[in-house]
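# Commentary on secondary and tertiary structure
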Amino acid sequence: MTDELRRREQDPGHDGVVDPVAREGVPIHIEGRATDASKTQARRAQEVVFDVRGVTVSYAGVPAVRDIAFDVRAREITALIGPSGCGKSTMIRCLNRMNDLIPGATVEGEILYNGENLYGPRVDPVQVRKLIGMVFQKPNPFPKSIYDNIAFGPRVIGMKGDMDGVVERALKRAALWEEVKDRLKENAYRLSGGQQQRLCIARCLAVEPDVILMDEPCSALDPIATARIEDLMLELKDRYSIVIVTHNMQQAARVSDMTAVLMPEVRDGDQTIGHIVEYADTGKIFTNPDNKRTEEYVTGRVG
Ligand code: ADP
């Protein structure tokens, strides 16, 4: 059994829920969230959640991104930016093995998740997707009540205990509780777009993920709803590691700690392959980038 799962079993105080799935154990090592806050603070900068090394992803044998390398540190927000089609979504999908679900998609290279090969033969992709949650471009609530949207994941994985408490905590963490606490039985489709997106984030949080992946989470939202999601991301990073794909550069600059800039490279006529031209502190990317293409992109001269 992995350290994280063992810790969760021994500590039912992990939001008061013992996760029965944990008892089965999966061969993924997840660094526990230390209870000693000062120790956590001290280690924070060094903890690497994802170590992406030389990754090439192809669809039907045609490479879409090549030789991608970057790391994601714990409790930081890492942004992937770049023009449309350069492979940002492809890359973020690799981080929770969503590309496994696309026929003909192949991933070469290595992605270490807390030091273990995410694509190793003993790793269960279903368990991976529980620990590494994903929020999509367009809010996608289920056609169910607000309550059942949140309770769905915990029920599927067999969480026992106080489901009302699980739902309330997830909605509170997603900064939605106050707006919906008196209408939990209403259909989720009656919420606004921004509320639906926060519901989807709450749904993701309800199964106690380790990492949250967000693929253009605000692209369908108005500026006010976008600002709320950005504020929420900044709150959530106290507990979770977040990777965000965005083509909104101001958003990347506002919320992220590290930024990877992907650019398309033309190969074989009009076929393009995305690769990272620069990966650095977000402040550096936006004020003093090393790469000329990064500079042109972040200053709006290309892209
Ligand atoms: P971005 O997120 O930067 O817009 P994508 O990852 O969506 O880029 O796309 C990168 C390349 O991979 C594009 O050429 C796109 O056509 C291709 N691609 C993405 N998804 C698929 C898929 N499911 N099947 C085949 N090709 C795909």
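So, here is what we can say about the structure in this document. Every chain's residues receive numbers from 1 upward, in the order its sequence appears when written. For a predicted model such as this one, the threshold for reporting local features is a pLDDT of at least 70, and the threshold for listing and counting side-chain atom pairs is 80 or more; totals across whole chains, interfaces and linings nevertheless cover every residue.

## Details of the site of the ligand
By nearness alone, every residue bordering the ligand is listed as Tyr59, Ala64, Gly82, Ser84, Gly85, Cys86, Gly87, Lys88, Ser89, Thr90 and Ile102. At three residues, the largest contribution of residues to the shell around the ligand is made by helix α4 (residues 88–94). Throughout this entry, Asp, Glu, Lys and Arg are counted as charged residues, while Ala, Val, Leu, Ile, Met, Phe, Trp, Tyr, Cys and Pro are counted as nonpolar. The remaining residues, Gly among them, count as polar. Its residues placed into classes, the shell around the ligand shows four nonpolar, six polar and one charged. Nearness is defined per residue: the C-beta atom, placed using the backbone, must lie within 6 Å of the molecule or strand. Secondary structure elements are defined from DSSP: runs of H or I of at least 4 residues count as helices, runs of E of at least 2 residues count as strands, and each element is numbered from the N terminus.

## Points about the pairing of strand β2 (residues 62–73)
Two strands pair if DSSP finds at least two bridges between them. Across eight bridges, strand β1 (residues 48–59) lies against β2 in antiparallel orientation. When the bridges of β2 are listed, Val55 appears paired with Ile68. Connecting β1 to the antiparallel partner β2 that follows it, the hairpin turn spans two residues, and Ala60 within it adopts a positive phi of roughly 50°.

## Observations concerning unusual backbone geometry
We note that Asn114 has phi near 50°; this positive angle belongs to a residue other than glycine. Position of Asn114 relative to the elements: it lies in the loop between β4 (105–113) and β5 (116–117). Put simply, a residue is buried when 20 or more other C-beta atoms lie within 10 Å of its own C-beta and exposed when 12 or fewer do; between those, it is partly exposed, and each C-beta is set from the backbone. On the basis of neighbour count, Asn114 is assigned to the buried category, with 21 C-beta atoms found within 10 Å. Located in the positive-phi region is Ala175, a residue other than glycine, with phi close to 55°. Among the secondary structure elements, Ala175 is positioned in the loop between α7 (163–173) and α8 (177–180).

## Things to note about the nonpolar core
Each nonpolar core consists of buried Ala, Val, Leu, Ile, Met, Phe, Trp, Tyr and Cys residues. Their C-beta atoms, within 7 Å, join them into a set. One finds Leu80, Ala170, Ala202, Ile212, Leu213, Ile242 and Val243 to be the most contacted residues of the largest nonpolar core, which totals 80 residues. When residues in this core are grouped by element, the largest group, six residues, is from helix α9 (residues 193–205). This entry defines residue contacts through backbone-placed C-beta atoms, with two residues in contact when those atoms are within 7 Å. Once you skip the residues sitting within four places of it in the chain, Ile212 turns out to touch Gly133, Val135, Cys204, Leu236, Tyr240 and Ile242.

## Some thoughts on the environment of Arg75
For Arg75, the position within the fold is in the loop between β2 and β3 (77–81). Sequence spacing of Arg75 and Asp257 is 182 residues, and the spatial spacing of their C-alpha atoms is 9.7 Å.

## Here we look at the pairing of strand β9 (residues 258–267)
The pairing of β3 with β9 spans four bridges and is classified as parallel. Looking at β9, one finds that Ala79 is bridged to Thr259. Where β9 lies against strand β10 (residues 271–281), 10 bridges are found, and the strand directions are antiparallel. Note on β10: the bridge partner recorded for Met258 is Asp281.

## Points about helix α6 (residues 146–156)
Those residues of α6 lying buried are Ile146, Asn149, Ile150, Ala151, Gly153 and Pro154. Buried residues along α6 sit against α7, α8 and α9. Positive phi shows up at Gly158, right after α6, with a value of about 80°.

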